[in-house]
Amino acid sequence: MTEKRFERKKRIKELIYDRHYRPMKQKEIGYLLQVAPEDRDEFVSILKELVDEGVIEVTKRGKYQPLSVKHVKGTFTCTQKGFGFVAVEGEEQDYYIHERNMNGAFHEDTVLMEVLEDHPKAGRRKEGKIIKILKRGMTTIVGTLQKNQNFGFVVPDNLRFDSDIFVSKSECKNLTSGFKVLVKITNYGDERHSPEGEIVEVLGHKDDPRVDILSIVKAYNLPMEFDENVRRQVDKIPGEVDGSSYGNRKDIRDWQMVTIDGEDAKDLDDAITLERKGKNYLLGVHIADVSEYVTEYSPLDKEALKRGTSVYLVDRVIPMLPHQLSNGICSLNAGCDRLALSCIMEIDPSGKVVDHEIAETLIRVDRRMTYTSVAKILDGDEKEQESYKDFVPMFELMGELSEILRKRRHKRGGIDFDFPESKILLDDNGRPTDIFPQVRNIATKIIEDFMLCANETIAEDFYWREIPFLYRTHDIPDEEKVGKLQAFLQNFGIYLKISKDEIHPMEVQKLLTKIEGTAEEPLISRLTLRSMKQAKYSVYSSGHFGLATRYYCHFTSPIRRYPDLQIHRIIKENLHGDFNRKRFGHYEAILPKVAEQSSKTERRAEETEREVEKLKKAEYMKRRIGEIHKGIISGITSWGIYVELPNTVEGMVHVSILPGDYYYYDEKTYSMIGERTGREFKLGQQVEIRVKDVDMLLKNIDFELVEEDDYGEEQWNEVDSQQ
């Protein structure tokens, strides 16, 4: 929008909302504002725009006036039960939308909503009614084709899109029922007509190997292929680094250096050096200099911003950058000269960074180590120590410094939620063969501690330089959620210290330390985690609650995260002395959009990873219907209790089949209580379950409780031996 049009639009809005204004027709407003003949078309278009945006309204007699009721713009989220919610930017609570008030809106649509109830009674949500769809959110749908003689229809995989999509006979071509397809919606239908669409991609039959995961990838609109412009740019990038061409860089190829990653990692973007400097430690965190090859506004850069992050699924990685870069010249492979951006920190015995240097470097990694191998070395494995005897002193120093850094972080209040991740193994056909918890070892903690230290050091340095930057922030938890957590903890005689309606991370950390090793630990840890907010990217350094630090950013993974790549550019421009007023203004303009896009793509990646994990866990348990397992209650709602098994699989026991009584949910104590017997089910409680059923469409796993009378002692011994 031009500045002139913006001013005209503002003037018209101010006129209509003036307290002396009386409703007028278009021509009357034009006369009053003395609109010139050549500007009339734009004037009419501005009035229409204001109406479409829900800023003003027009009466049946064609008179323009302020809104008679409150209208707001938001994003509609549909539920599987038919009703939905509208999230409005700047408002913490969503508006409830009854099915009769959806007005043809579908999941993720941008809508204009009339507020029906803005200040509801306690315990009730605000309520709204959708009056206009401003922008469709879902333009393509993944689903299963059902075909008959004259036409076909696609049943969406996403149950929040609650209508089948009609496709013509010609669209179905030679496909049969059961094929997974990607459909572009051409008509969203109405009360009497189904949406219509055209098939733009055939993914394969639903029973074909790996089509199930591909369907989820396509449903989340994750880009998989790189276009011709990107491929042409990649082809021009050299395959190796010629060290003699980089005399302007700090050459540290003679420093003893290692990478430490998982066994199957191929995109190695961080290397470590560590030595003594008197009583202090000299820690070097050396990060692949991806920005040397991915230049601003190039096809590679635009594609990387669009993707935002690499996505790690159980059977594939969808990279942010092409493999020629991520696994090639940008990967810090042992024995190869590589370009890096290094943060070299001098750290005193208390863990404080007393000095640091940020430099463009030329490096060469000596050894590619794995977490498993380094953990064995530090655990005293003689065979492993002999294999890497020249590096053992450095690894021992790493363990020493890592513990110091962790203690310092703990002392200031840093929170460490140590929930194991799921590891899912698949066979050649993509079927899950095993699921188990992947627990962090000493080596993974070392790398985590060193990366955190570098990220904090970089963020603090650039905060005080007062130039535009991209931070990783984690806001203080909501007062309401903290209040609920505090009320629950009082059942255990635990009291949180809250000052001015806010909680300090130190209090959360004290809580987790206090319950460590107790029976209540899983229960309280989960509820505490649920009370936290989601971390995000921001141009403001508002602090990171979970790490208890004022300054934090993501600097250490530019191969797989766009924010890291973006701040590498800022750091390098500053090192070169190129950060002039023009570049200052440039970054001030683009960084808010980068922060928003990066947070959005991060959430998309997390949701995709979670959906694929749920799918494979459901498939794994489908072959185990009837089996009995022990687990702990991991969640309780009014509709049932959730039980997590030792292998991280979670299923639900519906409230209607809880044995021996009619149960109700007590929100204050997060427990399920029998009305007659008073029997309680609580979070963290151990129970035995039988796998009752699995719904592959919903990816839901149903359990039923097994009472002691239902199972003989001999059979229990058999189950115990299987755990």
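No experiment lies behind these values; they were computed from the predicted model shown.

Rules used throughout
- Residues numbered from 1 in each chain as written.
- Predicted model: local features only at pLDDT ≥ 70, side-chain atom pairs only at ≥ 80, totals over all residues.
- Heavy atoms only, no water.
- Helix = DSSP H or I, 4+ residues; strand = E, 2+ residues; numbered from the N terminus.
- Rg over C-alpha atoms; globule rule 2.2 N^0.38 Å.
- Lys, Arg positive; Asp, Glu negative; His and termini not counted.
- Charge placed at Lys NZ, Arg CZ, Asp CG, Glu CD.
- Pairing = 2+ DSSP bridges.
- pLDDT = per-residue confidence, 0-100.
- Contact = heavy atoms within 4.5 Å.
- Axes fitted to C-alpha atoms, helices over the stretch in contact; angles between N-to-C directions.
- Parallel < 35°, antiparallel > 145°, perpendicular 65-115°, else oblique.
- Nonpolar A, V, L, I, M, F, W, Y, C, P; charged D, E, K, R; others polar.
- Expected span 1.5 Å × (residues − 1).
- Buried < 20%, exposed > 50% of the residue type's maximum accessible area, 1.4 Å probe, protein only.
- Arc of directions from axis to C-beta.
- Salt bridge = Lys/Arg side-chain N within 4 Å of Asp/Glu carboxyl O.
- Polar contact = N/O pair within 3.5 Å; in protein donor to acceptor, adjacent residues only side chain to side chain.

### Digging into the overall build of the protein chain
Here comes step 1: Counting its secondary structure elements, the protein chain contains 18 helices and 36 strands.
Here comes step 2: Scaling as 2.2 N^0.38, a compact globule of 723 residues should have a C-alpha radius of gyration of about 27 Å, and the protein chain matches this with 29 Å.
Here comes step 3: With respect to the principal axes defined by its C-alpha atoms, the protein chain has extents near 90 × 75 × 65 Å.
Here comes step 4: Across the protein chain, the 109 positively charged side chains and the 128 negatively charged ones have centroids separated by 6 Å.

### Concerning the sheet that holds strand S1 (residues 24–25)
Here comes step 1: Spatially, the three strands line up as an open sheet ordered S1-S3-S2, and their pairing is antiparallel. With one partner strand each, in any of the chains shown, S1 and strand S2 (56–58) form the two edges of the open sheet.
Here comes step 2: Of the pairings in the sheet, the one linking S1 to strand S3 (residues 63–66) comprises two bridges and is antiparallel in character. By the bridge assignment, Met-24 is partnered in S3 with Tyr-64.

### Section: the confidence of the model for the protein chain
Here comes step 1: Of the residues in the protein chain, 96% reach a pLDDT of 70 or more, and the chain-wide mean stands at 90.
Here comes step 2: No element of the protein chain has a lower mean pLDDT than helix H18 (residues 713–722), at 44, and none a higher one than strand S17 (residues 280–288), at 98.
Here comes step 3: Across residues 712–723, confidence stays below pLDDT 50; counting only partners more than four residues off in sequence or on other chains, it has 13 contacts.

### Description of the pairing of strand S12 (residues 179–187)
Here comes step 1: With five bridges joining them, strand S9 (residues 140–147) and S12 adopt antiparallel strand pairing. Among the inter-strand pairings, Val-142 is bridged to a residue of S12, identified as Leu-182.
Here comes step 2: As defined by bridge partners, S12 adjoins strand S13 (residues 196–205) across eight bridges and the pair is classed as antiparallel. When the sheet's bridge partners are listed, Lys-184 is paired in S13 with Glu-198.

### What about the packing of helix H11 (residues 392–412) against helix H14 (residues 505–515)?
Here comes step 1: Relative to each other, H11 and H14 sit at 115°, their axes nearing to 8 Å. Taken as axis vectors, H11 and H14 run roughly perpendicular relative to one another. Of the residues in H14, those touching H11 at Arg-409, His-410, Lys-411 and Arg-412 are Met-506, Gln-509 and Thr-513.
Here comes step 2: Looking at the contact of H11 with H14, its residues break down into one nonpolar, three polar and three charged.

### Looking at helix H3 (residues 40–52)
Here comes step 1: Its 13 residues give H3 an end-to-end C-alpha distance of 18 Å, which sits within 8% of 18 Å, the value for a rise of 1.5 Å per residue.
Here comes step 2: Buried within H3 are the following residues: Phe-43, Ile-46, Leu-47, Leu-50 and Val-51. End-on view of H3: buried residues confined to an arc of 140°, all on one side of the axis. Exposed and oriented more than 90 degrees from the buried face of H3 are Asp-41 and Lys-48.
Here comes step 3: The inward-facing, buried residues of H3 contact helix H1 (3–16), helix H2 (26–33), S2, S3 and strand S8 (126–135).
Here comes step 4: Backbone geometry just downstream of H3 places Gly-54 in the positive-phi region, at approximately 75°.

### With respect to the sheet that holds S8
Here comes step 1: A barrel is described by the order of its strands in space; here five strands give the closed sequence S4-S5-S6-S8-S7, paired in mixed fashion. Each strand axis lies, on average, 50° off the axis of its neighbour in the sheet, ignoring direction.

### Considering the pattern of salt bridges
Here comes step 1: Applying the stated criterion across every chain yields a total of 50 salt bridges.
Here comes step 2: With a closest N to O distance of 3.3 Å, Asp-315 and Arg-210 form a salt bridge. Here the residue Asp-315 occupies a position in the loop between strand S18 (311–312) and strand S19 (317–318), and Arg-210 occupies one in the loop between S13 and helix H5 (211–219), the gap between them amounting to 105 residues.
Here comes step 3: Counted as one network, the salt bridges with shared partners bring together Arg-5, Arg-8, Lys-9, Asp-39, Glu-42 and Glu-49.

### Considering helix H6 (residues 228–235)
Here comes step 1: Residues of H6 that are buried include every one of Val-230, Gln-233 and Val-234, and no others. One side of H6 holds all its buried residues, which, seen down the axis, span an arc of 100°.
Here comes step 2: Regarding H6, its N-cap is Asp-227, as a side-chain oxygen of that residue lies 3.1 Å from the backbone nitrogen of Asn-229 further along.

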